[in-house]
Amino acid sequence: MKQKKSRVVRYNKWGYIFLIPFVAVYLIFQLTPLVSTIWNSFFENYRSGLKQIGPNFIGLANYAKILSSGELWRYAGNTMIMWIIGFVPQIFFSLLLAAWFTDPSLRLKGQRFFKTVIYLPNLIMASAFAMLFFTLFADSGPVNSILINLHLIAKPYKWMSHVASTRNLIGLMNFVMWFGNTTILLMAGMMGIDQSLYEAAEVDGATSTQIFFRITLPLLRPILVYVLITSLIGGLQMFDVPQILTNGTGDPMRSTLSMIMWLNKHLYSKNYGMGGALSVLLFIITAVLSIIVFKFTQERNS
Amino acid sequence: MKKRLLSIVLGVAMTTGLLAGCGSSSDGAATSTASLAAEAATSTVEETSTPAEADSVGEANPGDIDTGDGEGKVFNIQAWNEEFKSRIEDHLPGYQKVSATEGKIGDVTVKWTITPSDDNAYQNNLDTVLPENENASADDKVDLFLMEADYALKYVNSDVTMSVKDLGITDDQIADQYQYTKDIVTDSDGNLKGLSWQACSAGLIYNRDIAKEVLGSDDPETVQAAVKDWDSYNATAKKLKDAGYFITSSVNDSYRVYSNNVSGPWVQDNKVVIDPNIKKWVDDSKALVDAGETNTYELWSDDWNKGFFPEGKVFCYFGPAWLINFSMQADQEGSVANQGKWGLCEGPQGFYWGGSWIAAATGTDNPTLAKNIMLTMTTDKDVLKDIAVKDSDCVNSKTVLSDLANDSSFKNEILGGQNPYKQLAAGAEKVDMSNISDYDQGCNEEFQNAMKNYFDGNGSYEDALAQFKTAITEKYPDITMD
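Because the structure is a prediction, the values reported are computed rather than measured.

1. Looking at the overall build of chain A
For step 1, the next point in the chain: A tally of regular secondary structure across chain A gives twelve helices and two strands.
For step 2, the next point in the chain: Along the first, second and third principal axes, the C-alpha set of chain A runs to 85 × 75 × 35 Å.
For step 3, the next point in the chain: Burial statistics for chain A: of 302 residues in total, 28% are counted as buried.
For step 4, the next point in the chain: Pairs at least 24 residues apart make up 69% of the contacts formed inside chain A by residues separated by at least 6 positions.

2. Thoughts on the overall build of chain B
For step 1, the next point in the chain: Per the secondary structure count, chain B includes 21 helices and twelve strands.
For step 2, the next point in the chain: Put simply, chain B has 482 residues, and 44% of those count as buried.
For step 3, the next point in the chain: Partitioning the contacts of chain B with sequence separation of at least 6, the portion at a separation of at least 24 is 75%.

3. As for the domain arrangement of chain B
Residues and elements named next belong to chain B.
For step 1, the next point in the chain: What the domain assignment reports for chain B is domain 1 (36–199 + 355–397) and domain 2 (201–352 + 406–475).
For step 2, the next point in the chain: With centres defined by C-alpha atoms, the gap from domain 1 to domain 2 works out at 31 Å.
For step 3, the next point in the chain: The partner domain 2 presents 16 residues to the 13 residues of domain 1 that form the contact.
For step 4, the next point in the chain: Of all the secondary-structure elements, those providing two or more residues to the side of domain 1 that touches domain 2 are α6 (149–156) and α8 (179–183).
For step 5, the next point in the chain: Take the side of domain 1 that touches domain 2: its biggest share by element is four residues, from α6.
For step 6, the next point in the chain: Per-class residue counts for the side of domain 1 that touches domain 2 are seven nonpolar, three polar and three charged.

4. Section: the environment of Val176 of chain A
For step 1, the next point in the chain: With respect to the element layout, Val176 of chain A can be found in helix α7 (residues 163–191).
For step 2, the next point in the chain: In sequence terms Val176 of chain A and Met261 of chain A are 85 residues apart; their C-alpha atoms lie 21 Å from each other.

5. A few points about the sheet that holds strand β5 (residues 142–148) of chain B
All names here are of chain B.
For step 1, the next point in the chain: Across the sheet, six strands lie side by side as β2-β3-β4-β1-β5-β12; this open sheet has mixed pairing. Strands with a single pairing partner mark the edges of an open sheet, and in this sheet they are β2 (95–99) and β12 (356–360). Here the average twist between neighbouring strands, direction ignored, is 25°.
For step 2, the next point in the chain: Bridge count between β2 and strand β3 (residues 102–105): four bridges; the pairing is antiparallel. The partner of Ser99 across the bridge, within β3, is Glu102.
For step 3, the next point in the chain: Packing of helix α4 (residues 83–91) onto the sheet brings it into contact with β1 (74–79), β2, β4 (108–114), β5 and β12, and relative to β2 it is tilted by some 125°.
For step 4, the next point in the chain: Against the sheet, α6 engages β5 and β12, with an angle of about 140° to β5.

6. Regarding the nonpolar core
For step 1, the next point in the chain: If you look at the biggest cluster of nonpolar residues, it comprises 122 residues, and the most contacted ones within it are Phe145, Ala152, Tyr206, Phe315, Trp357 and Val395 of chain B.
For step 2, the next point in the chain: Taken domain by domain, this core gets at least three of its residues from each of domain 1 (36–199 + 355–397) and domain 2 (201–352 + 406–475) of chain B.
For step 3, the next point in the chain: With near-sequence residues (within four places) excluded, Phe145 of chain B lies in contact with Ile77, Gln78, Leu126, Ala359 and Ala361 of chain B.
For step 4, the next point in the chain: Core analysis: the second largest hydrophobic core is formed by 41 residues, Leu95, Met173, Ile260 and Trp262 of chain A among them.

7. Things to note about unusual backbone geometry
Residues and elements named next belong to chain A.
For step 1, the next point in the chain: For the peptide bond that leads from Asp251 to Pro252, omega is 0°, which places it in the cis range.
For step 2, the next point in the chain: Tracing the sequence through the fold places Pro252 in the loop between α10 (240–245) and α11 (259–265).
For step 3, the next point in the chain: Although it is not a glycine, Arg107 sits at a positive phi angle of roughly 50°.
For step 4, the next point in the chain: Take Arg107: it is sitting in the loop between α3 (71–102) and α4 (111–123).
For step 5, the next point in the chain: Take Arg107: there are 7 C-beta atoms within 10 Å of it, and that puts it in the exposed class.
For step 6, the next point in the chain: Phi at Met253 is positive, roughly 45°, even though this residue is not glycine.
For step 7, the next point in the chain: In this structure Met253 comes out as buried when scored by C-beta crowding, with 20 C-beta atoms within 10 Å.

8. Some remarks on helix α17 (residues 381–391) of chain B
Residues and elements named next belong to chain B.
For step 1, the next point in the chain: Those residues of α17 lying buried are Val383, Leu384, Ile387 and Ala388. Looking straight down α17, one finds its buried side chains confined to an arc of 135°; they lie on one side. Within α17, the exposed residues directed more than 90 degrees away from the buried face are Asp382 and Lys390.
For step 2, the next point in the chain: Residues of α17 that are buried sit in contact with α4, α16 (367–379) and α18 (398–405).
For step 3, the next point in the chain: At the exit of α17 stands Ser392, carrying a positive phi of roughly 60°.

9. Quick look at the confidence of the model for chain B
Interpretation of this model should avoid reading the predicted coordinates in detail wherever pLDDT is low.
For step 1, the next point in the chain: Averaged over every residue, the pLDDT of chain B is 85; residues scoring 70 or more account for 87%.
For step 2, the next point in the chain: Contacts of residues 17–63 of chain B to residues separated by more than four positions or lying in other chains number 33 contacts, the stretch itself having pLDDT below 50.

10. Quick notes on the environment of Trp300 of chain B
All names here are of chain B.
For step 1, the next point in the chain: With respect to the element layout, Trp300 can be found in the loop between α13 (276–290) and α14 (302–305).
For step 2, the next point in the chain: We classify Trp300 as exposed; it has 9 C-beta atoms within 10 Å.
For step 3, the next point in the chain: A C-alpha to C-alpha distance of 9.4 Å links Trp300 and Ser327, two positions 27 residues apart in sequence.

11. A look at the packing of α13 of chain B against helix α20 (residues 440–455) of chain B
All names here are of chain B.
For step 1, the next point in the chain: Interaxial distance between α13 and α20 falls to 10 Å at its minimum, and their mutual angle equals 40°. Between α13 and α20, the crossing angle belongs to the class labelled oblique. Every pair of crossing elements has a handedness; the one defined by α13 and α20 is right-handed. Of the residues in α20, those touching α13 at Val282, Ser285, Lys286 and Val289 are Met451, Tyr454 and Phe455.
For step 2, the next point in the chain: Grouping the amino acids of the contact of α13 with α20 by side-chain chemistry returns five nonpolar, one polar and one charged.

12. So, the pairing of β1 of chain B
Residues and elements named next belong to chain B.
For step 1, the next point in the chain: By the criterion of burial, β1 is predominantly enclosed, with five of the six residues buried.
For step 2, the next point in the chain: In the sheet, β1 pairs with β5 via three bridges, with the strands oriented parallel. Of the residues in β5, the one forming a bridge with Ile77 is Leu144.

13. Thoughts on the pairing of strand β9 (residues 316–320) of chain B
All names here are of chain B.
For step 1, the next point in the chain: For β9, the buried fraction is high: five of the five residues fall into the buried class.
For step 2, the next point in the chain: Side chains Cys316, Phe318 and Pro320 of β9 all project onto a buried face; the interleaved residues Tyr317 and Gly319 project onto the opposite face, where all are buried too.
For step 3, the next point in the chain: The pairing of strand β6 (residues 201–207) with β9 spans five bridges and is antiparallel. In the sheet register, Leu204 faces β9, and the bridge partner there is Phe318.

14. What to know about the environment of Pro276 of chain B
For step 1, the next point in the chain: Inspection of the secondary structure puts Pro276 of chain B in helix α13.
For step 2, the next point in the chain: Remark: the alpha-carbon pair of Pro276 of chain B and Gln329 of chain B, spanning 53 residues in sequence, is separated by 35 Å.

What counts and what doesn't
Residues numbered from 1 in each chain as written. Chains lettered and ligands numbered in written order. Predicted model: local features only at pLDDT ≥ 70, side-chain atom pairs only at ≥ 80, totals over all residues. Helix = DSSP H or I, 4+ residues; strand = E, 2+ residues; numbered from the N terminus. Buried ≥ 20, exposed ≤ 12 C-beta atoms within 10 Å, placed from the backbone. Contact = placed C-beta atoms within 7 Å. Domains from an automatic or database assignment. Nonpolar A, V, L, I, M, F, W, Y, C, P; charged D, E, K, R; others polar. Pairing = 2+ DSSP bridges. Axes fitted to C-alpha atoms, helices over the stretch in contact; angles between N-to-C directions. Core = buried A, V, L, I, M, F, W, Y, C linked by C-beta atoms within 7 Å. Arc of directions from axis to C-beta. pLDDT = per-residue confidence, 0-100. Parallel < 35°, antiparallel > 145°, perpendicular 65-115°, else oblique. Left-handed = near helix turned anticlockwise from the far one by under 90°.

Given below as structure tokens:
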């Protein structure tokens, strides 16, 4: 008995040894920056030209400055609008495609090919993808020449000079980039559902719409919640697509400036104080929104 | 078996990838011993492969440049592109090229560190290196570095740059240089801290065919009369519009012309001031855009470039010699430049665009060599003439430029045989850069970005101005507004 226990302990040792890389990486690259960000947010600390100003301890002044200007809420609004524009079609098409791919009665051919194709946009770097769109939708770009040649418009439409078209382009890019990924996740969830439930439903005479809404969706909820929360966090951190598409300006009139792009603007002057305070606020916003989504979906479940 | 083979192949691919990564890093900052070894290896290879060339350069004028007795053995130069390096390689007497990032002057090794200016990387690098330069080890000390006008004052107004007087350069030696090239690198106490071999004075580059059709003649004098001030310029814009042409490709084309002729700096007493001439740019440009006489493209975008071809229907660009020679796609069949159909006149106001300034870093252990390189490259008339002829730089010497202006054999093919130096030399005299400030780069960039919203009709002038002010306080937290 005693011998057996010590063998377990000896065996457990390996568990800890295998954990060392993770813990070390976490401490160095996650926890330390996290703590130092919060610490930095209480200081006035930036550069003007070659002149270093600070660090001077100023308490919550950075937070007061951000919250009183109201800019943060504007950019939070931009970010949420652009995320929703991309997320709604994304979840719709992902559910549809995942349901088709996993439905054995459809016997779709070339599934592997299509799964690869819809995932492909995700493999392109977001910045390269944004550059591509920037060129496609330039005033004298291919999209405008096609539209003019089809006599749909008389003169080039300035895609990047209108609020709605710029936001929609960003939403479209995020949708195209991420719907493949979401489809794969949802498919994994759907394939985990017991086939006998479907067979039973079919025997009872349920239509495929009924099966989808009464069996697939309710049983898919845990995966759906996961997809929703990860996509929300990803959306709140939206940066590369609008940054490249608008050349960092967030124009027209900063209507496509996301919160992280705003954070990035403070880094020009190496403003670690404001940057830190903004990061902490972003962390709080993300946490609150995630908890709301989580609670919301939990309650409906019970 | 198959799987094992695959994993071996992948493993090999990954390790080679890693090693290749190590190798290529030697092109950049040459600090680690590994990269130094790699460099030494490449340099020996190159030396043996081109012995004839190396010898001939070496024997040309040994010891032509005094490197200073007992001074540092490694001369470090920081730059953002290859331009100055190729000028040194081609024109500095006694310089021997060793490898892509190394050279030799006498027994001193010249090391080049090239950091591209994308994403502010070049300045970020200088910001880290220069303040620590005095304490750096002898071989790592930066001796010379290059600056652009937009941010030059940031370094000039700090202790990291040496005054040229302290290097031993006298006012007489640089009397032939244009005043504006000195204004840009003069600190708030009046000390000159850098020199340039270029005078990038610029003019109005017009399409000769359109000028003939609309103005009746493509002669520079006639065109100049039509654009001699902003009122005539705007009237001409209307004429061009009626004939189906745009006066410029974008409102941003003329921005430099207005912003070079301001009556005061962007920031005065820590406050941002909108100069009357900048406001005039906004008003004039808004009128032009609303009338459909120009557009709001960003410079260098594909839309902006369209006017380099006849189908773009653009009458003129504002630019210096390098824009004409290198950027107007002269090697493209069918471009206006390729057909030699551009002309040059002075335009409504004098201005300049671009140029690189050489400055010595405080803490250099090679002051003599730094001084001699600066003097040779920016004041030696033979070197400058050589640069002007071979590299088409508009050089920073009144004598050389006036020689070239009166040299009837000097013809520019892109300008249809016109000698541009007459206009460029006259323009260089007119440029006045005494109102430059530390914040110019950020202010100019953000102002154009913000005003694009006003021109596009996405907000009023006040809205756009408010956005400009927000952007400026983000970039420079120490500046206040109004």
